[in-house]
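Below, each chain spelled out in residue letters.
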Amino acid sequence: MGRTSATHIPELHGLRGVALALVVAFHLFGNGRVSGGVDVFLVLSGFLATGSLLRRAARRELRLGEHYGRTFSRLVPPALLVLAATAGLAWWIMPEGTWAQTGREIVASALYYVNWEMISSQLVYGAAGPETSPLQHFWSMSVQAQFFLAWPVVVLIVVGLARAVRIRPRALLLVVVGAATAASFVFAQDLHAADQPVAYFHSWARFWELGLGGFLALALPWLRLPGFLRPVLGWAGLGLVVSSGFVLDGGALFPGQWALWPVAGALLVLLGSGGTAVWGPRRLLQVAPLRFVADISYALYLWHWPLLIAYLHYTGAERLDWFGAGAIMATSVVLSWLTNKLVADPAQRFREAFGGVRALVAAAACVSLVVGSAVVGLTALERRDLAQLAAAQAAAGAVDEDGAAEYPGARALSPLYRDPVPEDVEIQPAPAVASQDRPSVDGDGCIEGSAATSPSGVPMTCTLTDVPDPKRVVVLVGDSHSIQWAPAMTEIGRDEQWQVLLLARRGCRLAAPAEPLTKGSNCWDWRANALKLLEQMRPDAVMVIGSRTSPEASGDEVNPDEARAWRQLAEVGVRVVTVRDNPRFEFDVPACVEESYGVACTRPRADIFSPVNPVEKAQGVPPSAAHLDLTPFICDAQLCAGVVGNVLIYRDDDHLTATYVTTLERPLHNQLRAEAEWLFADPMRSPPVRMRF
């Protein structure tokens with residue numbers, strides 16, 4: 001029997017409850033595994049919205065103002081309440097260093113573009129922990145809200161076009177949805193292979209999940225399924241939905257083709273619904289607990305995650321125990337029920353009494369109030385941060401030529417100062433602003449990444465030092481660990497009259513893989529093009545990070561593919577200078593320093609570094625390469641700490657602050673003189689060609 005409406009599918013509400021229960025359970029106990037519940041929600045949103053919009057548009061009853069008022073008067077009030085509560089929790093519990101990013105995410109969440117904010121901020125979906133954003137979960141709400149904004153317009157256009165050419169609106173919309181869904185699926189596969197963290201949050205890479213739900217809503221009235229088949233499909237679909245998080249690591253695999261697992265499960269449950277067989281999943285999906293969870297599902301989704309992150313900050317725990325999980329679950333359920341009774345239901349009564357347009361205006365006014373308050377707070381934070389960063393740059397000078405740490409007006413300290421800094425001496429930069437203590441070039445748009453990519457194929461290049469008739473040309477090449485050395489190399493270039501360039505792409509080191517196993521990734525083309533450009537430029541030196549440390553493994557290592565690229569350069573007469581990698585931590589160092597004043601923010605040096613710089617003995621490294629090791633200025637003989645003198649070394653878990661790199665200019669300069677003496681000798685050839693970018 002065919003069906004013409006999605007409103008009478010009893011299994012749908014229960015499926016919503018199952019999906020939400022899986023989301024919360026995996027967030028509390030899954031240690032970063034993705035349940036697939038959000039993917040089910042996307043399917044259901046596409047299914048319900050598409051069928052409802054088509055019916056009203058076909059009857060000429062779809063009014064955008066009324067529709068948006070009905071939709072956003074339901075979504076906005078609970079979301080704004082949670083955003084306000086999250087701001088309060090951040091101020092009360094979370095380190096100051098997280099306030100600015102949390103404020104930006106509050107604005108982005110209120111305006112439903114937080115998924116793009118996370119992409120631009122290079123945030124990666126991860127397990128709940130003290131370093132995880134308390135608003136990470138809002139990405140899916142943004143994707144759905146963007147769909148809810150655009151989809152009514154698309155449906156109206158398609159229905160109008162169908163009337164104009166005198167074909168059935170459902171048939172034309174089915175073709176449009178099918179084509180858009182297929183295009184989105186192909187795009188998602190390509191972006192997933194190239195840059196999975198970006199694909200995870202990307203609206204167009206997620207549209208195919210909404211689109212499949214919409215496609216089924218349009219096709220369902222034409223489907224004729226045997227009655228005995230529906231329970232089979234229903235149970236199979238429910239099995240796929242429930243098993244998804246246990247079988248797949250969705251955080252790494254979605255939204256690629258493996259996301260079809262929970263998506264297909266949701267579709268099968270919908271396809272198998274409506275049967276009369278007593279052995280189908282309908283009774284299970286209509287039990288009271290699932291109906292209750294489904295009733296509060298939206299509010300429960302909003303509340304549980306910021307409470308979880310706040311709890312971890314408050315207790316100092318890295319992961320939840322059973323007591324914490326139970327407390328968060330109980331608190332979330334109570335707050336969700338109260339949110340429905342005191343916020344969501346009154347908002348709906350307001351819409352029913354005054355109409356959708358007025359409800360939309362009221363929702364927009366509330367959004368403006370929250371966004372305006374957040375912007376005022378962000379402006380104040382920005383002024384404070386700029387003042388503190390300026391103070392940090394003025395006080396930079398933690399390390400002298402011999403590696404002794406010092407701070408203005410105080411006695412010289414040992415290279416690593418492991419005791420609390422005296423109260424009358426401020427740590428520079430302040431931990432609250434350390435995340436912004438980046439090289440000035442890291443924001444000029446000349447560093448490639450997901451937000452800035454050269455369309456021509458020629459890698460983008462930054463000019464750090466541009467002097468008339470340069471004595472040498474030095475190119476700093478690689479990923480963010482190369483970028484962080486820009487302040488010191490800029491000063492050295494000015495002192496030595498060198499032209500210093502930066503050739504970088506986030507997440508990509510210069511390498512020449514023996515096999516094109518990663519072709520199509522975000523690094524493959526850049527690596528090949530960067531090598532080609534360097535071979536054409538023939539600079540006097542290419543500076544790279546030579547080894548790689550790990551937050552877990554002991555000892556640093558050299559990647560053979562990177563050594564192969566250095567050898568390739570040496571073969572055309574380009575000499576390579578390697579810099580040993582700096583430590584990586586399993587925690588955010590500024591937050592640790594803020595909370596413990598640096599006493600516990602250390603790692604044993606032996607757990608990070610091999611006894612000897614591995615690049616000096618690695619196979620395939622060209623003999624002409626020079627090797628620098630600044631480790632003595634970052635770690636002492638036993639420990640690698642977060643603070644030297646009164647200067648904070650790290651801006652996150654593995655990147656040096658620009659302030660600290662500035663203090664390392666002299667040690668770096670001295671090591672260059674000792675290990676790369678050819679850069680300082682009188683040129684034996686004509687002056688290098690001055691490169692302009």
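What counts and what doesn't
Residues numbered from 1 in each chain as written. Predicted model: local features only at pLDDT ≥ 70, side-chain atom pairs only at ≥ 80, totals over all residues. Heavy atoms only, no water. Core = buried A, V, L, I, M, F, W, Y, C linked by side-chain atoms within 4.5 Å. Buried < 20%, exposed > 50% of the residue type's maximum accessible area, 1.4 Å probe, protein only. Contact = heavy atoms within 4.5 Å. Salt bridge = Lys/Arg side-chain N within 4 Å of Asp/Glu carboxyl O. Helix = DSSP H or I, 4+ residues; strand = E, 2+ residues; numbered from the N terminus. Axes fitted to C-alpha atoms, helices over the stretch in contact; angles between N-to-C directions. Parallel < 35°, antiparallel > 145°, perpendicular 65-115°, else oblique. Left-handed = near helix turned anticlockwise from the far one by under 90°. Nonpolar A, V, L, I, M, F, W, Y, C, P; charged D, E, K, R; others polar. Pairing = 2+ DSSP bridges. Phe/Tyr/Trp six-rings, centres within 6.5 Å; stacked < 30°, edge-to-face > 60°. Lys NZ or Arg CZ within 6 Å of the ring centre and 35° of its normal.

Engineer: I'd like a description of the nonpolar core, backed by residues and values.
Structural biologist: In this structure, Phe47, Phe72, Tyr112, Phe138 and Trp139 are the most contacted members of the largest nonpolar core, which totals 113 residues. When near neighbours in sequence (up to four residues on either side) are disregarded, phenylalanine 138 contacts Ala79, Val82, Leu83, Ser109, Val114 and Leu302. One finds Val441, Val474, Leu664 and Leu668 within the second-largest nonpolar core, a separate group that totals 53 residues.

Engineer: I'd like to hear about the pattern of salt bridges, residue by residue, with values.
Structural biologist: Within this structure, the stated rule accounts for 20 salt bridges. The partner of glutamate 96 in a salt bridge is arginine 384, and the shortest N-O contact between them spans 2.6 Å. Remark: arginine 384 occurs in helix H17 (residues 356–395) and glutamate 96 occurs in the loop between helix H3 (64–92) and helix H4 (99–110); sequence separation between them is 288 residues. Its relative accessible area of 22% is what places arginine 384 among the partly exposed residues. A salt bridge links arginine 509 to aspartate 581; its shortest N-O distance comes to 3.5 Å.

Engineer: Hey, could you go over the packing of helix H2 (residues 37–58) against helix H12 (residues 260–271) for me, with residue numbers and the actual values?
Structural biologist: Where H2 meets H12, the closest approach of the two axes is 8 Å, and the angle between their N-to-C directions is 45°. Here H2 is positioned oblique relative to H12, judged by the angle of their axes. Between H2 and H12 lies a crossing of right-handed hand. Contacts from Asp39, Val40, Val43, Leu44 and Phe47 in H2 reach Pro262, Val263, Ala266, Leu267 and Leu270 in H12. Classifying every residue of the contact of H2 with H12 gives nine nonpolar, no polar and one charged.

Engineer: Tell me what's going on with the sheet that holds strand S1 (residues 462–465), and back it up with residues and numbers.
Structural biologist: Strands sit in the order S1-S3-S2-S4-S5-S7 across an open sheet of six strands; the sheet is mixed. Of all the strands in the sheet, just S1 and strand S7 (626–628) have a single pairing partner and so form its edges. When the angles between neighbouring strand axes are averaged without regard to direction, this sheet yields 25°. As defined by bridge partners, S1 adjoins strand S3 (residues 498–504) across three bridges and the pair is classed as antiparallel. In the sheet register, threonine 465 faces S3, and the bridge partner there is valine 500. Across the sheet, helix H20 (residues 524–537) touches strand S2 (472–478), S3 and strand S4 (541–545), and the angle it forms with S3 is around 160°. Along the sheet, helix H21 (residues 560–571) makes contact with S4 and strand S5 (576–579), crossing S4 at roughly 175°.

Engineer: Explain the packing of helix H15 (residues 297–315) against helix H16 (residues 322–354) to me, using residue names and the numbers behind them.
Structural biologist: The contact between H15 and H16 brings their axes to 8 Å, and the two run at 140°. It follows from the interaxial angle that H15 and H16 lie oblique. Crossing hand, H15 versus H16: right-handed. Along the contact surface, H15 presents Ala299, Leu300, Trp303, His304, Leu307, Leu308 and Tyr311, while H16 presents Phe323, Gly324, Ile328, Thr331, Ser332, Val333, Leu335, Ser336, Thr339 and Asn340. Of the residues assigned to the contact of H15 with H16, the class counts are ten nonpolar, seven polar and no charged.

Engineer: Give a detailed account of the packing of aromatic side chains, specifying residues and quantitative values.
Structural biologist: Counting across every chain of the model gives 18 aromatic pairs. Between phenylalanine 26 and phenylalanine 246, the aromatic rings sit 5.1 Å apart at their centres with planes inclined by 70°, giving edge-to-face as the arrangement. Separated by 220 residues along the polypeptide, phenylalanine 26 in helix H1 (residues 10–29) and phenylalanine 246 in helix H10 (residues 229–247) bring together distant segments of the chain. Taking the centre distance of 5.9 Å and the plane angle of 40° together, the rings of tryptophan 92 and tyrosine 314 count as tilted. Of the two residues, tryptophan 92 is situated in helix H3 and tyrosine 314 in helix H15; the sequence distance between them amounts to 222 residues. Across the pair, tyrosine 314 and tryptophan 92 agree in class, each one exposed. Through pairs of rings, three or more aromatic residues link up here, namely Phe147, Phe148, Trp151, Trp204 and Phe207. Sitting over the face of the ring of tyrosine 200, arginine 206 holds its NZ or CZ atom 4.5 Å from the ring centroid. Over the aromatic face of tryptophan 678 sits the side chain of arginine 575, whose NZ or CZ is 3.7 Å from the ring centroid.

Geometry only, nothing functional implied.
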